[in-house]
Amino acid sequence: MSGKHPLSLPLNVQRELLESGVEAVEKGLITNEQLELLLSVEVGGTPSEVVYEENKLELLHYEPITDVQHGRPILIVYALINKPFILDLQPDRSVVRRLLEAGHDVYLIDWNEPSRLDQHLTLEDYVDRYMDSCVDVVRERADVDRINLLGYCMGGTMTAMYTALHQEKVRALGLMAAGLCFDDTGGVLELWGDDEYYDPRDVVDVYGNVPSEMLDVGFALMDPVANYVSKYVRLYDNLENDDFVENFGRMERWLNEGIDLAGEAYVQFLEDIYQDNKLHNNELYLGEQHVDVSEIEVPILQILGEYDHLIPPATSKPFNDVVESTDTEIIEYPTGHIGLSVSGSSHRDVWPHVAEWFFEKSIDDPEHLAELEAAVAEATDQIVIEEIGVELETEGESDASGGDTGNAVDEADVETETDTDLQTIRGIGPTYAERLRQHGIETVDELAEADPDTVAEAASVGRQRVEEWIEQATDQF
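Residues numbered from 1 in each chain as written. Predicted model: local features only at pLDDT ≥ 70, side-chain atom pairs only at ≥ 80, totals over all residues. Heavy atoms only, no water.

## Examining the overall build of the protein
Next, step 1: Helices and strands together make up the secondary structure of the protein, namely 20 helices and 10 strands.
Next, step 2: Counted over contacts in the protein with a minimum sequence separation of 6, partners at least 24 positions apart contribute 75%.
Next, step 3: As displayed, the protein offers around 20800 Å² of accessible surface, 49% of which is attributable to carbon and sulfur atoms. (Helix = DSSP H or I, 4+ residues; strand = E, 2+ residues; numbered from the N terminus. Contact = heavy atoms within 4.5 Å. Areas by Shrake-Rupley, 256 points an atom, 1.4 Å probe, with all protein chains shown as cover.)

## Concerning the sheet that holds strand β4 (residues 106-110)
Next, step 1: Read from one edge of the open sheet, 8 strands run β1-β2-β4-β3-β5-β6-β9-β10, paired in mixed fashion. The sheet terminates laterally at β1 (48-54) and β10 (328-333), the two strands that pair on one side only. Recorded for the sheet is a direction-independent mean angle of 20° between the axes of neighbouring strands.
Next, step 2: Lying over the sheet, helix α3 (residues 123-142) contacts β1, β2 (57-62), β3 (74-77), β4 and β5 (147-152), oriented at roughly 130° with respect to β1.
Next, step 3: Seen against the sheet, helix α14 (residues 351-362) touches β3, β5, β6 (170-176), β9 (300-305) and β10 and runs at an angle of roughly 160° to β6. (Pairing = 2+ DSSP bridges. Axes fitted to C-alpha atoms, helices over the stretch in contact; angles between N-to-C directions.)

## With respect to a negative patch on the surface
Next, step 1: Judged by side-chain charge, Glu442, Asp445, Glu446 and Glu449 come together as a negatively charged surface patch.
Next, step 2: Structurally, the position occupied by Glu449 is in the loop between α18 (444-448) and α19 (452-459). (Patch = residues over 30% accessible without salt bridge, like charges linked within 9 Å, V, L, I, M, F, W, Y side chains within 5 Å. Salt bridge = Lys/Arg side-chain N within 4 Å of Asp/Glu carboxyl O. Lys, Arg positive; Asp, Glu negative; His and termini not counted. Charge placed at Lys NZ, Arg CZ, Asp CG, Glu CD.)

## Description of the pairing of β1
Within a regular strand, the side chains alternate between the two sheet faces.
Next, step 1: Relative to β2, β1 runs antiparallel, the two sharing 6 bridges. Among the inter-strand pairings, Tyr52 is bridged to a residue of β2, identified as Leu59.
Next, step 2: The hairpin turn running from β1 into β2, its antiparallel successor, is 2 residues long, and Asn55 in that turn takes a positive phi close to 55°.

## Structural notes on the pattern of salt bridges
Next, step 1: Evaluated as defined, the whole model comprises 11 salt bridges.
Next, step 2: As a salt-bridge pair, Glu332 and Lys317 come within 2.5 Å of each other at their nearest N and O atoms. Of this pair, Glu332 sits in strand β10 while Lys317 sits in the loop between β9 and α11 (319-322); the two residues are 15 residues apart in sequence, bridging distant segments of the chain.
Next, step 3: A relative accessible area of 34% means that Glu332 is categorised as partly exposed.
Next, step 4: The partly exposed category is assigned to Lys317, whose relative accessible area is 33%.
Next, step 5: The partner of Lys361 in a salt bridge is Asp327, and the shortest N-O contact between them spans 3.0 Å. With Lys361 in helix α14 and Asp327 in the loop between α11 and β10, the pair connects residues that are 34 residues apart, well separated along the chain.
Next, step 6: Asp327 gets classed as partly exposed once you look at its relative accessible area, which sits at 29%.
Next, step 7: Counted as one network, the salt bridges with shared partners bring together Asp132, Asp136, Arg139 and Lys169. (Buried < 20%, exposed > 50% of the residue type's maximum accessible area, 1.4 Å probe, protein only.)

## Comments concerning the packing of aromatic side chains
Next, step 1: In this structure the tally under the stated criterion is 6 aromatic pairs.
Next, step 2: Both rings, one in Trp357 and one in Phe358, keep their centres 5.0 Å apart while their planes meet at 75°; by these two values the pair is edge-to-face.
Next, step 3: On the accessibility criterion, Phe358 (0% relative accessible area) is buried.
Next, step 4: In textbook terms, an aromatic cluster arises when at least three aromatic residues are bridged by ring pairs, as seen for Trp111, Tyr126 and Tyr130. (Phe/Tyr/Trp six-rings, centres within 6.5 Å; stacked < 30°, edge-to-face > 60°.)

## Let's talk about the nonpolar core
Next, step 1: Formed by 100 residues in total, the largest nonpolar core has its most connected members in Leu75, Ile86, Trp111 and Met161.
Next, step 2: Take this core: its biggest share by element is 9 residues, from α3.
Next, step 3: Counting 18 residues, the second largest nonpolar core, distinct from the first, contains Ala433, Leu447, Ala458 and Ala459. (Core = buried A, V, L, I, M, F, W, Y, C linked by side-chain atoms within 4.5 Å.)

## Topic: unusual backbone geometry
Next, step 1: Phi is positive for Cys153, close to 60°, though the residue is something other than glycine.
Next, step 2: As for its placement among the helices and strands, Cys153 is situated in the loop between β5 and α4 (154-166).
Next, step 3: Under the relative-accessibility criterion, Cys153 is labelled buried at 15%.
Next, step 4: For Ala177, which is not glycine, the phi torsion reads 50° and is therefore positive.
Next, step 5: If you trace the backbone, Ala177 turns up in the loop between β6 and α5 (188-192).
Next, step 6: The class for Ala177 is buried, based on a relative accessible area of 0%.

## Section: the packing of α19 against helix α20 (residues 463-476)
Next, step 1: Between α19 and α20, the shortest axis-to-axis distance is 9 Å and the interhelical angle comes to 115°. The pairing of α19 with α20 is recorded here as roughly perpendicular in orientation. When you trace α19 past α20, the crossing you get is right-handed. Where α19 approaches α20, its residues Pro452, Asp453, Val455, Ala456 and Ala459 are matched on the opposing element by Arg463, Val466, Trp469 and Ile470.
Next, step 2: Taken together, the residues that form the contact of α19 with α20 break down as 7 nonpolar, no polar and 2 charged. (Parallel < 35°, antiparallel > 145°, perpendicular 65-115°, else oblique. Left-handed = near helix turned anticlockwise from the far one by under 90°. Nonpolar A, V, L, I, M, F, W, Y, C, P; charged D, E, K, R; others polar.)

## Details of the confidence of the model for the protein
Next, step 1: Per-residue confidence for the protein gives a mean pLDDT of 78, with 70% of residues at or over 70.
Next, step 2: Confidence scores differ between elements of the protein, with helix α16 (residues 406-415) showing the lowest mean pLDDT of 34 and β3 the highest of 98.
Next, step 3: Here residues 17-30 scores under 50 on pLDDT; set against residues more than four positions off or in separate chains, the count is 9 contacts.
Next, step 4: Under a pLDDT of 50 for its full length, residues 382-419 has, in the predicted model, 94 contacts with residues more than four places off or in other chains. (pLDDT = per-residue confidence, 0-100.)

## Points about the environment of Pro299
Next, step 1: As for its placement among the helices and strands, Pro299 is situated in the loop between β8 (289-290) and β9.
Next, step 2: Separated by 58 residues in the primary sequence, Pro299 and Trp357 have C-alpha atoms spaced 9.8 Å apart.
Next, step 3: Not counting residues within four places of it along the chain, the set of residues in contact with Pro299 comprises Arg171, Ala172, Leu173, Ser325, Asp327, Trp357 and Lys361.

## Overview of the environment of Leu270
Next, step 1: For Leu270, the location among the structural elements is in helix α10 (residues 263-275).
Next, step 2: Assessed through its relative accessible area of 11%, Leu270 is described here as buried.
Next, step 3: On a C-alpha basis, the gap between Leu270 and Pro200 in space is 6.9 Å, while along the polypeptide they are 70 residues apart.

Given below as structure tokens:
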């Protein structure tokens, strides 16, 4: 008699149902314990102190991690919505720590939540008053005329405005997923904010400030399946994985701890930036001051997510064509809006490049730059290997939030890299890989056979770091 036993199908179904039932009971037993873990996660743990306050605003200064620091600080400006700890989510996914590890002096503006009395604050208040005060404080503390700026999302848009008004105080400008050009560039927010469908003053007339709950729902509806279904399925499937649960809890805490947005600033941003595209068209005024972006001459680095559905690259790239500066660079990485700050591969590949770019734009003497980079590399080598290396080993399990659809593509991209790619070596990002290629070291096997002194000179890093690269390359072959 051929074929399967006639009872095999119902028996298999019965067995699968039994196994599913046992699994559900087992997971039910650990739910309370994992719920406690979920609710107890810590965020924003990098030590800092408040060095300036104005209204609700707090200016944070982070404690240095390395003994080697250069004197040109970076001031990070985040959006007016959500809390900025997305940039310091946990030690191995902290933009703040990546910059500190590279020897930068780091400050961050925490806007905090506006009160009802703040509903009339304008973009002019935020950019030309609050930001300018913070820049002056940082300049004075560092005893420099100009500092570096790094703006994320709406914070990037505001740093571009600030630089147009006060570039005599800005050394270099980093723009991370910044909305700068809204002319049918494909962003969901651009479509939803179109003046044909939406008048932002309707919201402000009712509420004064824009409620964070309304903004949260709007962002979640951009990908409802991922934000209301898929991520909870993944959480259930990974309830026994403490790292996954903790990562999930951190992201959920950030997503749920939104802050209201000052009403008048919201109206200005929607009408002038989204609907009328005044920043890119060079027609924007803050009060009586013309925000003339065509006069910006400082170096500009744009950091973009290839799969960013909130601020697509086409919303940012055209900005480089309207400024005066010819010293512009774009890093477009295969991740999403949130992935730029929290995905493991971004911390491996993007942020070392960003830290190095700020170094190069901050120091005029090439010899001093090379000496400082080498000193910082040696001082931070073990930190980078331990934190980034361990983190990458669990990367496939770490995108717990589901809030950024680009992260799934990002993680898959890491897994499909070929063994010959230099960037499969921990610590080698796009910049170091390009330097090595320029000196004839193009693959991992060529790195494994290379002379350490030659590699160190080619990449302008310390010998200790090079020996670790070569050891990793040797292990692959």
